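Observations on chain architecture
Listed below are the residues making up each chain.
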Amino acid sequence: LSPSLDILESGNAAKNKGIIKRMLDYLSFMFMAIIASIFIRKVDIIIGTSPQFFTVCAASVISKMKKVPWVFELRDLWPDSITAVGALKNHFLINLLKKIESFLYNDADLIVSVTQSFKNILIARGIEKSKIKVITNGVNLEAFKKSEKNKKLLNELDLEGKFVIGYIGTIGLAHNLETILKTLNIINQTNKNNKIVVIVLGEGAEKNKLKKLAKYLNLENILFIDSVSRKEISKYWSLLDFSLTHLRDNKIFKTVIPSKMFESIAMGIPILHGVQGESSDIVVKENIGYVFKSEDHLDLLEKIRVITSNKKNYSHLKKNCLNAAIKYDRTILANNMIHEIRKLK
């Protein structure tokens, strides 16, 4: 980040492979990060980022080894988020993880939260307010910017003349994308000649289940696309008329702001937003799309009918997206974080 500030960052290593395999990945990464840190010299700051917080455990341990401050970058409330989807039910293990979580919050020299909601929750838990700073997720405006639909992909995927709604990201337990399949099924049954196509791009524990359900419902207008490189992803974003964000109807998800929102608005793509709370407030305040109730496929259906029948408002939404994206420029946000980190030196 800076030639005068050497930073060792402990980040995520695991993909979404199911709770047991992921936990093993997390633990192995934690131990390997600690071992690897022995061979890294002249470190001024340690940064640990969650989810999950075994990486943050590594950051805490390494900071003690090297006798330097460490930063807890809080991107998700863990283990709350995994218990919210029923992925972890063992009460003893949950309580143990919560105790570790509390220790880490108190142990960190600085906590950088990506939402104001997270900060409020930590303060309510007795964490020192002065060491919690809010720096939201953002977007690289050089990599993601308004562009014409990629002609090559448009032809390959037979999307010419279609109205494309897309979900791009992890396909996990928290996202419950069955909602969009239920909505699409009703659309197909009531209008055999509709021009709506849904793209689901990404990987995750629920992907195969969704593909089987789509086949069972005979949804020929949904495309499942495997993950592509970061370099290629903007080409797929360009295909979308509307993007879709969705999380389960659980109070813990009212505190999050899905990062894919920012990539969407940077591309000038309005959002169908199925997440209540702080993130939906942004959608409404900036007027960059439509909010529907989480896991309510009928509400989503109604919003899709609105956007396909009111095309006059579409250009207005796209313009609002581009204006809003400037506020979440990752370069500016990164400099804000560097500013906070420098105070620890």
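To start, this report covers the structure provided alongside it.

On to the overall build of the protein chain. In terms of regular secondary structure, the protein chain is built from 14 helices and 11 strands. Considered along the principal axes of its C-alpha atoms, the protein chain spans approximately 65 × 40 × 35 Å. Burial statistics for the protein chain: of 345 residues in total, 51% are counted as buried. For the protein chain, long-range pairs separated by at least 24 residues make up 72% of all intrachain contacts whose partners lie at least 6 apart in sequence. Once the 52 positive and 34 negative side-chain charges of the protein chain are each reduced to a mean point, those two points are 1 Å apart.

A few words on the packing of helix α2 (residues 54-66) against helix α4 (residues 91-107). In the contact formed by α2 and α4, the axes pass within 11 Å of each other and the chain directions differ by 45°. In this view, α2 runs oblique relative to α4, as classed from their interaxial angle. The handedness of the crossing between α2 and α4 comes out as left-handed. Seen from α2, the contacting residues are Phe54, Val56, Cys57, Ser60 and Lys64; seen from α4, they are Leu97, Ile100, Phe103, Leu104 and Asp107. When its residues are assigned to classes, the contact of α2 with α4 shows 7 nonpolar, 1 polar and 2 charged.

It is worth spelling out the sheet that holds strand β11 (residues 289-291) at this point. With parallel pairing, 6 strands are arranged side by side in an open sheet as β8-β7-β6-β9-β10-β11. Sheet topology places β8 (222-225) and β11 at the edges, where each strand pairs with a single neighbour. Adjacent strand axes in the sheet meet at a mean angle of 20°, parallel and antiparallel pairs treated alike.

Looking at helix α8 (residues 207-216), one finds that the buried residues are Lys207, Leu210 and Ala214. Along the axis of α8, the buried positions cluster into a sector of 65°, meaning they face one direction only. Along α8, exposed side chains directed more than 90 degrees from the buried face belong to Asn208, Lys212, Lys215 and Tyr216. If you follow the buried residues of α8, they end up packed against α7 (178-190) and β8. Just downstream of α8, Asn218 is the residue with a positive phi angle, here 60°.

A separate point is the pairing of strand β2 (residues 45-50). Of all 6 residues making up β2, 6 are buried, and the element is well covered by its neighbours. Residues Ile45, Ile47 and Thr49 of β2 are buried on one face, and the alternating residues Ile46, Gly48 and Ser50, pointing to the opposite face, are buried as well. In this sheet, strand β3 (residues 70-74) lies alongside β2 in parallel orientation, the contact comprising 5 bridges. Among the inter-strand pairings, Ile47 is bridged to a residue of β3, identified as Val71. The handedness of the β2 to β3 crossover, carried by α2, is right-handed.

On to a nonpolar patch on the surface. Side chains of Met32, Ile35, Ile38, Phe39, Val61 and Met65 sit close together on the surface and give an oily, nonpolar patch of about 590 Å² of accessible area. Mapped onto the nonpolar patch, the elements with two or more residues apiece are α1 (19-37) and α2. Residue placement: Met65 occurs in helix α2.

About the thresholds
Residues numbered from 1 in each chain as written. Predicted model: local features only at pLDDT ≥ 70, side-chain atom pairs only at ≥ 80, totals over all residues. Heavy atoms only, no water. Helix = DSSP H or I, 4+ residues; strand = E, 2+ residues; numbered from the N terminus. Buried < 20%, exposed > 50% of the residue type's maximum accessible area, 1.4 Å probe, protein only. Contact = heavy atoms within 4.5 Å. Lys, Arg positive; Asp, Glu negative; His and termini not counted. Charge placed at Lys NZ, Arg CZ, Asp CG, Glu CD. Axes fitted to C-alpha atoms, helices over the stretch in contact; angles between N-to-C directions. Parallel < 35°, antiparallel > 145°, perpendicular 65-115°, else oblique. Left-handed = near helix turned anticlockwise from the far one by under 90°. Nonpolar A, V, L, I, M, F, W, Y, C, P; charged D, E, K, R; others polar. Pairing = 2+ DSSP bridges. Arc of directions from axis to C-beta. Right-handed = clockwise from strand over helix to strand, strands pointing away. Patch = residues over 30% accessible without salt bridge, like charges linked within 9 Å, V, L, I, M, F, W, Y side chains within 5 Å. Areas by Shrake-Rupley, 256 points an atom, 1.4 Å probe, with all protein chains shown as cover. Salt bridge = Lys/Arg side-chain N within 4 Å of Asp/Glu carboxyl O.

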